Amino acid sequence: SDSHFPVPLSPRHVDYSLHYPQFFPSSDQMGNPKRIQFADVGCGFGGLLISLSTLYPETLMIGMELRDKVTEYVKERICALRGTNPGQYQNVSVVRTNSMKFIPNYFEKGQLTKMFFLFPDPHFKEKNHRRRVISPHLLDEYAYVLEIGGVIYTITDVEELGEWMKSCLENHPLFETLTEEELEADPVVKLLSTATEEGQKVARNGGQTFRAVYRRIQPSV
Ligand code: SAM
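Now for a look at the structure at hand. (Residues numbered from 1 in each chain as written. Predicted model: local features only at pLDDT ≥ 70, side-chain atom pairs only at ≥ 80, totals over all residues. Heavy atoms only, no water.)

## Some thoughts on the site of the ligand
Item 1. Among the 17 residues in the neighbourhood of the ligand, the closest are listed as Glu65, Arg67, Asn98, Leu118 and Thr196.
Item 2. A distance of 3.2 Å separates a nitrogen atom of the ligand from a polar atom in the backbone of Leu66.
Item 3. The side chain of Asn98 places a nitrogen or oxygen atom 2.8 Å from a nitrogen atom of the ligand.
Item 4. Because more than half of its atoms lie within 2 Å of the grid, the ligand is assigned to the largest pocket.
Item 5. Within the residue set of the shell around the ligand, elements represented by two or more residues are strand S2 (60–65), helix H4 (99–106) and helix H9 (197–204). (Near = heavy atom within 4 Å. Polar contact = N/O pair within 3.5 Å; in protein donor to acceptor, adjacent residues only side chain to side chain. 1 Å grid on protein atoms, 1.4 Å probe; cavity = no way out; pocket = protein on both sides within 12 Å on 5 of 7 lines; lining within 4 Å. Sits in = over half its atoms within 2 Å of the grid points. Helix = DSSP H or I, 4+ residues; strand = E, 2+ residues; numbered from the N terminus.)

The following block contains the structure:
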């Protein structure tokens, strides 16, 4: 249950020196304005983060994962990569948490530039839709922690869930879809279906994927 893992009281209580010791040599982080900008929600085994780490070496990023053992695996994976590639993978970390409850404990208003929801659990039954990580209510929270212009990336191999995520985003007043040209120009979009363990599994089995990529916009007056 949730009581087994610590939760920071507020984003100011997140200890950056534990996650990113090279960027934060001391635990006094007040003088260092650098903050986490990418969040991979339900990161699983961390494949996306590992790819993003070298693509954006100066951007701090974090995976949020509910399963303890999976989180430990990702920690060890990052640790090993740091060991064999000195100076690299210093910008990536992972935390065990329930993202549906604790996003505002980790990020301030407008802090994030990208959020990822890759192959989330589908929760097929109607009565379980409230467990889905994309919902109208949770989009309010994601809109709060994303900066204006920040992007939310979703992908799934479950058509029904793809429709659901798209319609939640489409109907939310603080998000607008990216154009085909914008999707083409964004190097991250290609990683959505290739970089994660789940994406690779779907690709091996020749499965279809359904993508929805939306930008956080200013409310219209
Ligand atoms: N994104 C990864 C990928 O594409 O390979 C993992 C996909 S896996 C199907 C979904 C992941 O979300 C699981 O690892 C699960 O433990 C995690 N998860 C489910 N609910 C969560 C929650 N409320 N908070 C954090 N992680 C969650």
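Let us keep going from here.
## Some thoughts on the pairing of strand S4 (residues 112–118)
Item 1. Of all 7 residues making up S4, 7 are buried, and the element is well covered by its neighbours.
Item 2. Relative to S4, strand S1 (residues 36–41) is paired through 3 bridges, and the arrangement is parallel. The residue bridging Ala39 from the neighbouring strand is Met115, located in S4.
Item 3. Read from S4 through helix H5 (residues 136–145) to strand S5 (residues 146–156), the crossover connection turns out right-handed. (Buried < 20%, exposed > 50% of the residue type's maximum accessible area, 1.4 Å probe, protein only. Pairing = 2+ DSSP bridges. Right-handed = clockwise from strand over helix to strand, strands pointing away.)

## What to know about the pattern of salt bridges
Item 1. Under the defined criterion, the tally for this structure stands at 7 salt bridges.
Item 2. Linking Arg77 and Glu197 is a salt bridge whose minimum nitrogen-to-oxygen distance equals 3.0 Å. You can see Arg77 sitting in helix H3 (residues 68–84) and its partner Glu197 sitting in helix H9, a full 120 residues away along the chain.
Item 3. With its nearest N and O atoms 2.5 Å apart, the salt bridge here joins Glu176 to Arg215. With Glu176 in strand S6 (residues 175–177) and Arg215 in strand S7 (residues 210–216), this pair connects stretches of sequence that are 39 residues apart.
Item 4. The class for Arg215 is buried, based on a relative accessible area of 17%.
Item 5. Residues joined in a network through salt bridges with shared partners are Glu176, Glu182 and Arg215. (Salt bridge = Lys/Arg side-chain N within 4 Å of Asp/Glu carboxyl O.)

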